[in-house]
Amino acid sequence: CRRGAALGAPLAAHRRHRAASGRSKHEFGESFLRIHRNALVATPHISGIEKDTGGTWHVTLKGLDKRLAVSRRHAAAVRRWARR
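This report concerns the structure included in the present document. No experiment lies behind these values; they were computed from the predicted model shown.

What follows is about the overall build of the protein chain. A tally of regular secondary structure across the protein chain gives three helices and six strands. Traced from its N-terminal end to its C-terminal end, the protein chain shows the element sequence β-α-α-β-β-β-β-β-α. Within the protein chain, the fraction of its 84 residues that count as buried is 32%. A fraction of 32% describes how many contacts in the protein chain between residues 6 or more apart in sequence connect residues 24 or more apart. For the protein chain, the accessible surface area stands at approximately 5,800 Å², while carbon and sulfur atoms represent 48% of it.

A separate point is the environment of Leu 61. Note on placement: Leu 61 falls in strand S5 (residues 57-61). Measuring from C-alpha to C-alpha, the distance between Leu 61 and Pro 44 comes to 9.0 Å, with 17 residues separating the pair along the chain.

The next thing to look at is helix H3 (residues 72-83). Helix length check: H3 (twelve residues) gives 18 Å between terminal C-alpha atoms against 16 Å at 1.5 Å per residue, within 8%. Among the residues of H3, those classed as buried are His 74, Ala 75, Val 78 and Trp 81. An end-on view of H3 places all buried positions within 130° of arc, on one side of the element. Of the exposed residues in H3, the ones pointing more than 90 degrees away from its buried face are Arg 72 and Arg 83. For H3, the elements touching its buried residues are strand S2 (32-36), strand S4 (46-51) and S5.

A separate point is the environment of Leu 33. Tracing the sequence through the fold places Leu 33 in strand S2. Put simply, Leu 33 and Thr 43 are ten residues apart on the chain and 6.2 Å apart in space, counted from C-alpha to C-alpha. Beyond its immediate chain neighbours, meaning those up to four positions away, Leu 33 contacts Ala 39, Leu 40, Val 41, Thr 43, Ile 46, Ala 77, Val 78 and Trp 81.

Our focus in this paragraph is the side chain of His 58. Among the structural elements, His 58 can be located in strand S5. Side-chain polar atoms of His 58 contact the side chain of Asp 52, separated by 3.2 Å.

So, on to the nonpolar core. Soluble, globular proteins show a tendency: their nonpolar side chains are buried together. Within the largest apolar cluster, 13 residues are counted, with the highest numbers of intra-cluster contacts made by Ile 35, Val 41, Ile 46, Val 59, Leu 61, Val 70 and Val 78. Every element with two or more residues in this core is listed here: S2, strand S3 (39-42), S5 and H3. It is H3 that provides the largest number of residues to this core, a total of three residues.

With that settled, the discussion passes to the pairing of S2. Sheet topology places S2 next to S3; four bridges connect them, and they run antiparallel. Note that in S3 the partner of His 36 across the bridge is Ala 39. The antiparallel pairing of S2 with S3 creates a hairpin that spans two residues between the two strands.

Cut-offs applied
- Residues numbered from 1 in each chain as written.
- Predicted model: local features only at pLDDT ≥ 70, side-chain atom pairs only at ≥ 80, totals over all residues.
- Heavy atoms only, no water.
- Helix = DSSP H or I, 4+ residues; strand = E, 2+ residues; numbered from the N terminus.
- Buried < 20%, exposed > 50% of the residue type's maximum accessible area, 1.4 Å probe, protein only.
- Contact = heavy atoms within 4.5 Å.
- Areas by Shrake-Rupley, 256 points an atom, 1.4 Å probe, with all protein chains shown as cover.
- Expected span 1.5 Å × (residues − 1).
- Arc of directions from axis to C-beta.
- Polar contact = N/O pair within 3.5 Å; in protein donor to acceptor, adjacent residues only side chain to side chain.
- Core = buried A, V, L, I, M, F, W, Y, C linked by side-chain atoms within 4.5 Å.
- Pairing = 2+ DSSP bridges.

This is how it looks when you write it as structure tokens:
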């Protein structure tokens, strides 16, 4: 069972798919934001980002209580997206 499967209906907002990891930003446009090498999030479903006490950034999605961790490699891009 994949981790993302527990998210239910908003799974479309949280894409964990290896085939997608090789696609360029041009294919997804502004519709998706990479938060990890194997995780994309649909930007319209993002309700916020926050940093925990350990310094890890997390994305929160509309309608979900679960926070998704952002890798250190992608944290700067996620913060830039949030400032727009």
